[in-house]
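# Residue-level structure breakdown
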Amino acid sequence: MDKAKPFCIPKRWVWEAYKRVKANRGAAGVDDQSVEEFDQDLENNLYKLWNRLSSGSYFPPPVKRVEIGKRGGGKRPLGIPTVSDRIAQAVVKGYLEPELEQHFHPDSYGYRPGKSALDAVGVARERCWRTDWALHLDIQAYFDTISHNLLLRAVKKHTDCPWVLLYIERWLKVPVQLEDGTLEPREKGIAQGSVVSPLLANLFLHYTFDQWMAKYHPYIKFERYADDILCHCASEAQAQWLRRVLERRFAECELKLHPQKTKIVYCKDEDRRGYYPNEKFDFLGYTFRARRSKNRWGKYFVNFSPGLSNDAAKGIRQTIRDWRLGCRVDKRIDDLARMFNPMIRGWITYYGRYYKSALYPTLRYLDQRLERWARAKYKSLRRHRRRSEHWLRRVVRRDRRLFAHWPLLHRAAAGQ
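Residues numbered from 1 in each chain as written. Predicted model: local features only at pLDDT ≥ 70, side-chain atom pairs only at ≥ 80, totals over all residues. Heavy atoms only, no water.

### Quick word on the packing of helix 1 (residues 11-24) against helix 4 (residues 83-101)
The geometry of a pair of packed helices is captured by two quantities: the angle between their axes and the separation between those axes. The condition that has to hold: To get an axis, a line is fitted to the C-alpha atoms, and for a helix only the part in contact is used. The angle between two axes follows their N-to-C directions and goes from 0 to 180 degrees. Under the DSSP-based scheme used, a helix requires at least four consecutive residues in state H or I and a strand at least two consecutive residues in state E, with every element numbered from the N terminus. Note that the term roughly parallel is reserved for angles under 35 degrees, roughly antiparallel for angles over 145, roughly perpendicular for angles of 65 to 115, and oblique for everything else. Two helices crossing with the near one rotated counterclockwise from the far one by less than a right angle form a left-handed crossing, whereas a clockwise rotation gives a right-handed crossing. In what follows, residue pairs with any heavy atoms lying within 4.5 Å of each other are defined as contacts. Residues were grouped as follows: Ala, Val, Leu, Ile, Met, Phe, Trp, Tyr, Cys and Pro as nonpolar; Asp, Glu, Lys and Arg as charged; and all remaining residues, including Gly, as polar.
The interhelical angle for the contact between helix 1 and helix 4, taken along N-to-C directions, is 115 degrees, at an axis separation of 8 Å. Taken together, the axes of helix 1 and helix 4 lie roughly perpendicular to each other. In this structure, the crossing between helix 1 and helix 4 has a hand that is right-handed. Together, Trp13, Val14, Ala17, Tyr18, Arg20 and Val21 of helix 1 and Arg86, Ile87, Ala90, Val91, Gly94 and Tyr95 of helix 4 make up the contact between the two elements. When grouped by side-chain class, the residues that make up the contact of helix 1 with helix 4 number nine nonpolar, one polar and two charged.

### Some words on the packing of aromatic side chains
We apply this condition: Pairs were defined over the aromatic rings of Phe, Tyr and Trp, the Trp ring being its six-membered one, requiring ring centres within 6.5 Å. Orientation was assigned from the angle between planes: stacked under 30 degrees, edge-to-face over 60, tilted for the rest.
In this structure the tally under the stated criterion is 30 aromatic pairs. Geometrically, the ring pair formed by Tyr111 and Tyr225 is tilted, given 5.6 Å between the ring centres and 50 degrees between the ring planes. Here Tyr225 lies in strand 6 (residues 222-225) and Tyr111 lies in the loop between helix 4 and helix 5 (117-130), a separation of 114 residues in the sequence. Their ring planes at 15 degrees and their centres at 5.7 Å tell us that Trp323 and Trp347 sit as a pair that is stacked. Here Trp323, found in the loop between helix 11 (310-322) and helix 12 (333-351), pairs with Trp347, found in helix 12; they are 24 residues apart in sequence, far enough to count as distant.

### Section: unusual backbone geometry
You will see that Ala141, though not glycine, has its phi angle at about 50 degrees, which is positive. Tracing the backbone through its elements, the reader meets Ala141 in the loop between strand 3 (133-138) and helix 6 (142-145). A positive phi angle, near 55 degrees, is found at Ala226, a position not held by glycine.

### Regarding the environment of Ile344
Just so we agree on the cut-off: Throughout this description, buried means an accessible area under 20% of the type-specific maximum (1.4 Å probe, protein chains only), exposed means over 50%, and partly exposed covers the range between.
In this fold, Ile344 is placed in helix 12. Given a relative accessible area of 0%, Ile344 falls into the buried group. Considered as a pair, Ile344 and Ala90 are 254 residues apart in the sequence and their alpha carbons are 30 Å apart. If near-sequence neighbours (up to four positions away) are discounted, Ile344 is found in contact with Trp323, Leu366, Phe403, Ala404 and His405.

Purely spatial values, then, with no claim about function.
Given below as structure tokens:
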């Protein structure tokens, strides 16, 4: 370590940060440099980055903005830093995250080590069984409206490390480069898509919501995944009151609840009588609503449970269409399985955790696309839909585990 450097940042931290960034890959930033191109002169690139970070002369370049599709339609702005900037942010995150983790609320699940969205869905399911009402909160343009002053105050509660504070402040002020190349200054908000932004966003809501709820309303349970929040209430009156007080609380912290997407929901099941305009909500890709279920004794009943949401199903079907199977007639079906099974397994692992049957129609759609692929590939199947269905069934019987979703859809072929 060079003792002349004003900031004591070990080279090992930069190296560890680089390995995490490389594992996550990601698109190129404003300099159009990919991770592979960065690797071509790796030792020199990492040394220069460490030297600038340690001397205080590191200034982050603008963040490249791209628009990505949202599950429910529309576009979401995503900020893409350069590879070097992602490494620099990973250094700060690696320093700050262990300290913040000691203080974060146990019902905060987003972007945290050892916690997942499925954990939040499972806890929400159990609490919806125990309480009749839920308040689903949607913060309007959360990442784009975070107050820089309030965020820096929150960071300073946990560290006085000068280089951490210096670089976080610089990242907050860095401009955004739009698609036409113009630079847009940023007076509030953080780039959604950068390495350090999820940690900072969690910290902001830790003080805005988590800690405030624990202090003033500890009897109201909630789950929060980033800015997606679900509160459980004993009555409609309590839910309406909580919405009013939270609107004031978020306004104090310069945030606003979305007036249409924030809603009170009646968790209707077999024992809960009456009707309410909202009897379902979407949370982390799952729709919570009344569903027919079977208990351990084989008796059917109705409970309030999560299952694959319509928006998530539409997103999966769009991804399947994007595979353009009809243009892959040069491949064998075994090749297609190897190409797409990792993604299919991911869908089953996540969306098949709760009320797995809600996923079946979407997986059957994938089989339909495979049948269309077969009709395009084999002349004997063209213009014969029923024949292509029989062809696929024969393939399933031959190897039920070829595609990751076949054991779920074709249990009869395994004698189950």
